[in-house]
Amino acid sequence: MKMALLEASDPEQPIVEAVRQGDRKAFEELMRRHNGWIRGVVYGVLGERDGLDDVVQQVWTAVWRRIAELRDAGRWRPWVYRLSRNAALDAGRDATRRRRRNAALPGEPPTSASTTPDAELVGSEQHREVLNAIQELPVLYREPFVLRHLQGWSYRQIAEVMDMPVDSVETRLVRARRMLRESLKEKLGLGNGTSSETR
Amino acid sequence: MGQVQKHVERLIVRRLDDELSAEEEVELDRELMRSPQARRLLDEYRRVDAAAAQALGGVLADRGPRFDETDARTGRVWQRNKGRVRAWWLIPGAIAAAWLALSVPSPFSWRDRRAPSIVELQSRRPDERGSELRTVGTPELMRNVGNGLFPESIKRSTGRNVLGVIGNDGNVYLIEVERVRTLRKPNTPAAAARDMNGVM
């Protein structure tokens, strides 16, 4: 889904204004159009599928409840991005706490992302390996990488939503690729001992 | 990593992301012609990208947005569905819930009691956030009938529910239900006496 984020007149702005007035239909339309990238942001922060749907639902609930707090309708995307990111960070902290608690219980097997039912459902071994590699990326790099690959967003679109310079987005995407290439070298049969020549 | 290699790597990543200018395209093509390492790096990053896109696409397939305004009002999360919402039972369920809301009087109270529905959206404007069911008209009417000695009381409440279901196609279907509930108490001496004693 390509969106003209930096156009002078944001085509989504009338919808956002209508949502601010309490228009439910406009809100449903907003959800339909933008659920995808919000899932991407939440996944980018969480790094796993567990709890993703619940967090996304919480984000939309927060958008509906707090839309009146949005002062500039033209800046709604960074605002929604921050809501999504904070909700995902909270959920991530809760999940970490839960894992620690479970790990502390005697006789309880330790939980890890690689053994979750969702990971099992992903399918092939290679998918799991790739997802694990993405999950191991620092959040800093994972977020723009997921947005780029899930939504096909341009650097400028990612920069606007994440409220950072375009150059920073580019740097993070280069580093994310570099890290993934290293961690997937064996799995994807990359390198063959010559990769460092270019790097 | 030398500056030249870093620069080439950036160009490669920018090409994969469709971010190169025309001049940069020419520059990268020239580098790819010249350097087998650059060609290998482009190929490897392309494979990393393809694998990542495939894995992410599978795990993050958009199942359609979910929203429950009840959450917005009370902060509770009623829905905890981990899988795909199945419309085949949601639609008859929503119709049954609407029918029950219309036909079954509450035995306990005058107040509207709303059964938890699958997805319930309440009509409101921003200044009414958090409001409960609206009461339309006078909630309680007292009028004299017959010889005027014993009043007959009529209570009426009106509410509107909007039930929402999400279909397999990802669309949200809304069913609006207007409910009017009227209870008339007989104008018998016993009823009047109960009223005077404050017994409903």
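Visitor: Would you mind going over the overall build of chain B with me for this structure?
Guide: Looking only at helices and strands, chain B features six helices and four strands. Secondary structure elements of chain B occur, N-terminal to C-terminal, as α-α-α-α-α-β-β-β-β-α. Considering chain B as a whole, with its 200 residues, one finds that 20% of them fall into the buried category. Taking contacts inside chain B between residues at least 6 apart in sequence as the whole, the part at least 24 apart equals 57%.

Visitor: Even after reading the chapter, I still don't get the overall build of chain A, so can you show me in this structure?
Guide: For chain A, the count of helices and strands is 10 helices and zero strands. Going from N to C terminus, chain A has its helices and strands arranged as α-α-α-α-α-α-α-α-α-α. In chain A, buried positions account for 39% of the 199 residues. Across chain A, contacts joining residues at least 24 apart in sequence account for 64% of those joining residues at least 6 apart.

Visitor: Before we go on, may I ask you to explain helix α7 (residues 139-151) of chain A in this structure?
Guide: The α-helix winds at 3.6 residues per turn, so residues separated by three or four positions along the chain end up facing the same way. Along its 13 residues, α7 of chain A runs 17 Å from first to last C-alpha, staying within 8% of the 18 Å computed at 1.5 Å per residue. Across the 13 residues of α7 of chain A, 11 count as buried, placing the element largely inside the fold. Listing the buried residues of α7 of chain A in full gives Tyr 141, Arg 142, Glu 143, Pro 144, Phe 145, Val 146, Leu 147, Arg 148, His 149, Leu 150 and Gln 151 of chain A. Contacts made by the buried residues of α7 of chain A are with α2 (24-46), α6 (125-136), α8 (155-162) and α9 (166-183) of chain A together with α3 (36-59) of chain B.

Visitor: Could you clarify how one ought to interpret the packing of α7 of chain A against α9 of chain A in this entry?
Guide: A packed helix pair is summarised by two numbers, namely the angle formed by the two axes and the spacing between the axes. All names here are of chain A. Taken N-terminus to C-terminus, the directions of α7 and α9 make an angle of 95°; their axes are 8 Å apart at the nearest point. The pairing of α7 with α9 is recorded here as roughly perpendicular in orientation. Residue-level inspection shows Leu 140, Tyr 141, Arg 142, Pro 144, Phe 145 and Arg 148 of α7 in contact with α9, the latter providing Val 169, Arg 172, Leu 173, Arg 175, Ala 176 and Met 179. Among the residues making up the contact of α7 with α9, the classes are represented as eight nonpolar, no polar and four charged.

Visitor: So what exactly am I meant to see when it comes to the packing of α8 of chain A against α9 of chain A here?
Guide: Residues and elements named next belong to chain A. The N-to-C vectors of α8 and α9 enclose an angle of 110°; their axes lie 8 Å apart at closest approach. When the axis of α8 is compared with that of α9, the two are roughly perpendicular. Residue-level inspection shows Tyr 155, Arg 156, Ile 158 and Ala 159 of α8 in contact with α9, the latter providing Val 166, Val 169 and Glu 170. In the contact of α8 with α9, the residues fall into five nonpolar, no polar and two charged.

Visitor: Would you explain the nonpolar core in this entry?
Guide: Within soluble globular proteins, side chains that are nonpolar generally end up buried alongside one another. One finds Val 41, Val 42, Val 59, Val 130 and Ile 158 of chain A together with Ile 12 and Ala 52 of chain B to be the most contacted residues of the largest nonpolar core, which totals 63 residues. Contact partners of Val 59 of chain A, with chain neighbours within four places excluded, come to Ile 38, Val 42, Leu 83, Ser 84 and Ala 87 of chain A.

Visitor: Please explain the environment of Leu 32 of chain B as it appears in this structure.
Guide: All names here are of chain B. Its place among the elements puts Leu 32 in helix α2 (residues 22-34). Residues Leu 32 and Val 8, spaced 24 residues apart in sequence, show a C-alpha to C-alpha distance of 9.1 Å. Every residue in contact with Leu 32, bar those within four places of it in the chain, is listed here: Ala 38, Arg 39 and Leu 42.

Visitor: Just checking my understanding: could you explain unusual backbone geometry for this structure?
Guide: Negative phi is the rule for most residues except glycine; trans is the rule for most peptide bonds. If you check the backbone angles, Asp 163 of chain A has positive phi at about 60° while not being a glycine. Of note, Asp 163 of chain A is situated in the loop between α8 and α9. For Asp 163 of chain A, a count of 12 C-beta atoms within 10 Å gives the class exposed. Non-glycine residue Asp 18 of chain B carries a positive phi angle of around 60°. In this fold, Asp 18 of chain B is placed in the loop between α1 (3-16) and α2.

Visitor: Help me understand the confidence of the model for chain B, please; the structure alone is not making it clear to me.
Guide: Fine structural detail should not be taken from predicted coordinates in areas where pLDDT scores are low. Residue and element names in this part refer to chain B. Of the residues in chain B, 43% reach a pLDDT of 70 or more, and the chain-wide mean stands at 65. Mean pLDDT across the secondary structure elements of chain B bottoms out at strand β2 (residues 140-144), with 39, and peaks at α2, with 94. Segment residues 73-85 is flagged for pLDDT under 50; beyond a separation of four residues in sequence, or across chains, it makes 15 contacts in the model. In the model, residues 108-151 has pLDDT below 50 throughout and makes 70 contacts with residues more than four positions away in sequence or in other chains. Reported confidence for the predicted complex is 0.71 by ipTM and 0.56 by pTM.

Calculation rules
- Residues numbered from 1 in each chain as written.
- Chains lettered and ligands numbered in written order.
- Predicted model: local features only at pLDDT ≥ 70, side-chain atom pairs only at ≥ 80, totals over all residues.
- Helix = DSSP H or I, 4+ residues; strand = E, 2+ residues; numbered from the N terminus.
- Buried ≥ 20, exposed ≤ 12 C-beta atoms within 10 Å, placed from the backbone.
- Contact = placed C-beta atoms within 7 Å.
- Expected span 1.5 Å × (residues − 1).
- Axes fitted to C-alpha atoms, helices over the stretch in contact; angles between N-to-C directions.
- Parallel < 35°, antiparallel > 145°, perpendicular 65-115°, else oblique.
- Nonpolar A, V, L, I, M, F, W, Y, C, P; charged D, E, K, R; others polar.
- Core = buried A, V, L, I, M, F, W, Y, C linked by C-beta atoms within 7 Å.
- pLDDT = per-residue confidence, 0-100.

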